[in-house]
Every structure is written in structure tokens, then in C-alpha cells.
Amino acid sequence: MSERRKVGILGGTFNPPHVGHLMIAEGVRDAEDLDEIRFMPNAIPPHKIKEGDAEPWQRLEMTKLAIRGNPDFTVESIEVESGGVSYTSRTLDLLRERESGSDFSFIIGGDSIEHLHTWYDIDSLMDKVQFIGVPRPGSSASGRYPVRMVGIPQIDLSSTLLREKLKAGRSVKYLIPDPVIRFIREEGLYGI
């Protein structure tokens, strides 16, 4: 009988992916002894739709570039390939059906913990996946639902801040992996 794989999923817009995402993923992988971390860009996020954002395929490509070289990191493209609004509950149904030998954990920041009660089908989702929370600066990381917290170094960094820096022509070196910066420039994303 084979051992079940322990897979952590880090979902988000990754608009763009940055070192904060990589730090979270590695910290949780190490602390929870996970076999793999999957970065899962969503197609159309239910909570974050803004004009001028990178297209789903561009965010997927940037995520692949950001994790390149780490054998413990992969990209899960199921939500981008499915298209439409992405709901974690539906995605977990598909993943569990496809990979019955895996146990999934879903990694969220402390700011998301406070809003779990607004997630689509949250009560059912709590039965499908273990939520692992990481602290975020300025967040209480408390909510109505049980989340296992993992202490990792915090960095006060967001994709929103990085988009603003890029648009203003300011440096994002060491904040966004170099291959992602090159892709952003090649595609002319975020007003550069």
C-alpha cells in the first residue's frame, strides 16, 4: 500500500507572483513536511477583478517562471484551463477526483482567514481540505473557521504594491524573480 501524497495548494491571482509567495510556499512546505506545493493561479477570481490586470494565461506563465528551478514547487493550471470564475470548492472536487491518493491542504494568508465566511460553499469546503494559515502584517488571522497556523517570516509585500512600483518605473529587483520581470517587460504589463 502506497503512502498518500501531501500536497499544499497556494491559490491566488499571482498578478504578479513575487518573493513573498515563494517564502510562504517554502515555509509551509518545510513546516508541514509536504511532498509538494502547487501554485494555482485562478482564471477569474471572485473577489479581485480589476481592469488592466494580466490575462490568466500571462499570470500562469509568470507563475511557472517564478517557481522554475525548485523541484518541490509545481503549477496547477486547472482553474485557468477551466476558465470562468474560480471557486476553490469546485476546484477541490475536481482535484480530489483526479488524485484520490493525495491529501490537499490549502494555504491562505491571515487576511484571507478573516474573510473565509464569504467564500463560496465554505462549509462543504472545510470538509474537503485542511486550511493552513500564515500570518500577514496588519492582520488578526482570526475568523469563524478552524485554520492551522504556521509561523513563517513575514514580509509586507503585495502584488498591488509591486504593480504600482512597476507603473511608476521603480525597481522591483529582488522582490519579483528576474525571469518574471523579463516577462513583464516583454509583454508590456502593468504600464511599463
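Everything in this summary refers to the structure shown in the same document.

A closer look at the overall build of the chain
Step number 1: When helices and strands are counted, the chain shows eight helices and six strands.
Step number 2: For the chain, the α and β elements follow one another from N to C terminus as β-α-β-α-β-α-α-β-α-α-β-β-α-α.
Step number 3: Since a compact globule built from 192 residues should have a radius of gyration of about 16 Å, the 16 Å found for the chain is in line with a globular shape.
Step number 4: With the C-alpha coordinates of the chain rotated into their principal frame, the extents come out at 50 × 35 × 30 Å.
Step number 5: Residue burial in the chain is summarised as follows: out of 192 residues, 48% are buried.
Step number 6: In the chain, the proportion of contacts linking residues at least 24 apart, taken out of those at least 6 apart, comes to 69%.
Step number 7: Carbon and sulfur atoms make up 47% of the accessible area of the chain, which totals about 10,000 Å².
Step number 8: With 24 positive and 29 negative side-chain charges, the chain shows a spacing of 4 Å between the two charge centroids.

Considering the pairing of strand E2 (residues 36-41)
Step number 1: Most of E2 is tucked away: six of the six residues are buried.
Step number 2: Judged by which residues are buried, E2 turns out to be covered on both faces: Glu36, Arg38 and Met40 on one side and Ile37, Phe39 and Pro41 on the other are all buried.
Step number 3: Both strand E1 (residues 5-12) and E2 contribute to a ladder of six bridges, which runs parallel. Counted as the bridge partner of Val7 is Glu36 from E2.
Step number 4: Once you follow E1 into helix H1 (residues 19-32) and on to E2, the crossover reads as right-handed.
Step number 5: In terms of strand pairing, E2 meets strand E3 (residues 73-75) through three bridges, oriented parallel. Bridged to Arg38 within E3 is Thr74.

Description of the sheet that holds strand E5 (residues 130-134)
Step number 1: Strands sit in the order E3-E2-E1-E4-E5-E6 across an open sheet of six strands; the sheet is parallel. In this open sheet, the two strands that pair with only one neighbour each are E3 and strand E6 (148-149).
Step number 2: Lying on the sheet, helix H2 (residues 56-67) is in contact with E1, E2 and E3; it crosses E3 at an angle near 165°.
Step number 3: Here helix H4 (residues 88-98) sits on the sheet and contacts E1, E2 and strand E4 (102-109); the angle it forms with E4, its principal contact strand, is near 155°.

The rules we used
- Here the residue numbering is sequential within each chain, running from 1 through the sequence in written order.
- Given that the model is predicted, a residue must reach a pLDDT of at least 70 before its local features are reported, and side-chain atom pairs must reach 80 or more before they are shown or counted; all residues, however, enter totals for whole chains, interfaces and linings.
- No hydrogens and no water enter the side-chain calculation; it runs on all heavy atoms of the structure.
- Elements are defined by DSSP. Helices are runs of H or I of four residues or more, strands are runs of E of two residues or more, and each kind is numbered from the N terminus.
- Based on C-alpha atoms, the radius of gyration is set beside the globule rule, defined as 2.2 Å times the residue count to the power 0.38.
- Burial here depends on accessible area, computed with a 1.4 Å probe over protein chains only, as a share of the maximum for the residue type. Under 20% is buried, over 50% is exposed, and the range in between is partly exposed.
- In what follows, a contact means two residues having at least one pair of non-hydrogen atoms within 4.5 Å.
- Throughout, the Shrake-Rupley method with a 1.4 Å probe supplies accessible areas, and for residues the shown protein chains are the sole cover considered.
- When charges are counted, neither His nor the chain ends are considered; positive counts come from Lys and Arg and negative counts from Asp and Glu.
- Charge positions are represented by NZ for Lys, CZ for Arg, CG for Asp and CD for Glu.
- Whether two strands pair depends on DSSP finding at least two bridges between them.
- The crossover handedness rule: strands pointing away from the viewer, path from first strand over the helix to second strand clockwise, crossover right-handed.
- Here an axis means a line fitted to C-alpha atoms, over the contact stretch when the element is a helix, while the angle between two N-to-C directions is reported on a 0 to 180 degree scale.

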